[in-house]
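A structural walkthrough
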Amino acid sequence: MNRARLRTLLLATTGLTYVLLLLGIYTAAAGAGLTCDARWPLCDGAVFGLFPANWPSFIEWFHRLVAMIAGFLVIGTAYGAWRWQDDRRVRLGVTTALVLYPVQALLGAGTVLDYTFLYLTAHFVTALAILASLVLATLWYLGPRAASLRRLRYALLGVVGLYPLLLALSPGAFVTHTATVQAIYYAVGLAIFVAPLAAAAWAGLLRSPTERLRRVRLLAAVAAVLVGVQLLLGRYLYTELIRLLDATLMVTVLLLVGVAAWLTYRVDPAGAAAGSTTQ
């Protein structure tokens, strides 16, 4: 019973964190935080600024509401991870998210009070770290039974399949980067970020008599980090230098996941499958 409850908590917390990141992107792109006139935790509207006065401030308040709900879920998930199971990796993942969450809240306040390069970068990097910690904790908790060589391969090939869409939505490509387009861009980008993370986690859960899965794990982990850097670049003014770095990172990631996917075809499926049932 507790195991099923923790599984639900992990999935719900990770999913809501993904949504929260997209909502934060939309809020920033719409300039909703600016309606607070550099005030936090208050904003504008009635009763000491506790209620929104217009649509932009509603977006800001709704973002804060979802962040509060996600925070309570993180606390509950951390409690369950320490109370209902013994995997230290799962505990590490959810505890990392728990520790970073109040830091993220303070950085979010900083983006309202002083919207600068430092706060923007730190806020986004911390958000990615929280999401990555929860994704890994969830996959580790689901364990070897949820991992398979086929899923690992599909995750890597999914990166290749999604990148053309990300390219089409990139700043200065084919569409105007409105707040909605930015949210869609990051919805795709975060999916690309999560996919190699999942591949790296599954490669660690599978057991193969060769070293190929270890190489797949390393390549996938590096690809996830580079995707995170690419998504961070998208938060800045898209200069020619940023565009060049973005293209370089995209090509590098595609090469890494391509090699990793090729290696999965050289892993003995019988050995990996047999290993995935042990642990």
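This brings us to the pattern of salt bridges. Where charged atoms from two side chains of opposite charge approach closely, those side chains can pair. Taken as a whole and judged by the stated rule, the model has 3 salt bridges. R91 is paired through a salt bridge with D86; the nearest N and O atoms lie 3.6 Å apart. A residue is classified by how much of its surface remains accessible, and D86, at 67% relative accessible area, is exposed. The salt bridge partner of E240 is R243, with a shortest N-O separation of 3.0 Å. Taken together, the residues span about one helical turn, with E240 and R243 both in helix 9 (residues 240–264) at a distance of 3 residues. We classify E240 as exposed; its relative accessible area is 61%.

A separate point is the nonpolar core. It is characteristic of soluble globular proteins that their nonpolar side chains tend to be buried jointly. Core analysis: the largest hydrophobic core is formed by 79 residues, its most contacted members being L152, L156, Y163, F193, W202, L231 and V253. Those elements giving two or more residues to this core turn out to be helix 1 (2–29), helix 3 (55–84), helix 4 (88–113), helix 5 (117–142), helix 6 (149–169), helix 7 (179–205), helix 8 (212–233) and helix 9. Ignoring sequence-local partners within four residues, the contact set of Y163 consists of I192, V227, Q230, M250, V253 and L254.

This paragraph deals with the packing of helix 6 against helix 7. The geometry of helix 6 relative to helix 7 is characterised by a closest axis approach of 9 Å and an angle of 160 degrees between their N-to-C directions. In terms of orientation, helix 6 and helix 7 fall into the roughly antiparallel class. Note on packing geometry: the crossing formed by helix 6 with helix 7 is left-handed. In contact with R151, L152, A155, L156, V159, L162, Y163, L165, L166 and L169 of helix 6, helix 7 contributes V181, I184, Y185, V188, G189, A191, I192, A195, P196, A199, W202 and A203. In the contact of helix 6 with helix 7, the residues fall into 20 nonpolar, 1 polar and 1 charged.

With that settled, consider the side chain of Q230. Of note, Q230 is situated in helix 8. On the accessibility criterion, Q230 (1% relative accessible area) is buried. Of the polar contacts made by the side chain of Q230, one reaches the side chain of D246; its length is 3.0 Å. With residues near it in sequence (within four places) discarded, Q230 still touches Y163, L166, D246, L249 and M250.

To continue, consider a nonpolar patch on the surface. A cluster of nonpolar side chains, namely W55, F58, F62, L65, M68, I69, F72, I75 and L98, defines an oily patch on the protein surface of about 900 Å² accessible area. The leading source of residues in the nonpolar patch is helix 3, at 8 residues. Among the structural elements, M68 can be located in helix 3. By relative accessible area, M68 is classed as partly exposed at 45%.

Residues of the chain with pLDDT of at least 70 account for 85%, and the chain-wide mean is 86. By mean pLDDT, helix 2 (residues 46–49) is the weakest element of the chain at 50, and helix 7 is the strongest at 94.

With the rule as written, the count across this model stands at 4 aromatic pairs. An angle of 70 degrees between the planes, with centres 5.7 Å apart, marks the rings of F124 and Y186 as edge-to-face. Highlighted residues: F124 in helix 5 and Y186 in helix 7, separated in sequence by 62 residues. Grouping residues by exposure puts F124 and Y186 together as buried. For the ring pair Y185 and Y186, a centre distance of 5.0 Å and an interplane angle of 80 degrees mean the geometry is edge-to-face. Ring-pair connections join several aromatic residues into one group, and the members of that group are F124, Y185 and Y186. For R3, the ring lying beneath its charged end belongs to Y141, and the centroid distance is 4.6 Å. Across the ring face of W61, the terminal group of R64 is positioned such that the distance to the ring centre comes to 4.6 Å.

Rules used throughout
Residues numbered from 1 in each chain as written. Predicted model: local features only at pLDDT ≥ 70, side-chain atom pairs only at ≥ 80, totals over all residues. Heavy atoms only, no water. Salt bridge = Lys/Arg side-chain N within 4 Å of Asp/Glu carboxyl O. Buried < 20%, exposed > 50% of the residue type's maximum accessible area, 1.4 Å probe, protein only. Helix = DSSP H or I, 4+ residues; strand = E, 2+ residues; numbered from the N terminus. Core = buried A, V, L, I, M, F, W, Y, C linked by side-chain atoms within 4.5 Å. Contact = heavy atoms within 4.5 Å. Axes fitted to C-alpha atoms, helices over the stretch in contact; angles between N-to-C directions. Parallel < 35°, antiparallel > 145°, perpendicular 65-115°, else oblique. Left-handed = near helix turned anticlockwise from the far one by under 90°. Nonpolar A, V, L, I, M, F, W, Y, C, P; charged D, E, K, R; others polar. Polar contact = N/O pair within 3.5 Å; in protein donor to acceptor, adjacent residues only side chain to side chain. Patch = residues over 30% accessible without salt bridge, like charges linked within 9 Å, V, L, I, M, F, W, Y side chains within 5 Å. Areas by Shrake-Rupley, 256 points an atom, 1.4 Å probe, with all protein chains shown as cover. pLDDT = per-residue confidence, 0-100. Phe/Tyr/Trp six-rings, centres within 6.5 Å; stacked < 30°, edge-to-face > 60°. Lys NZ or Arg CZ within 6 Å of the ring centre and 35° of its normal.

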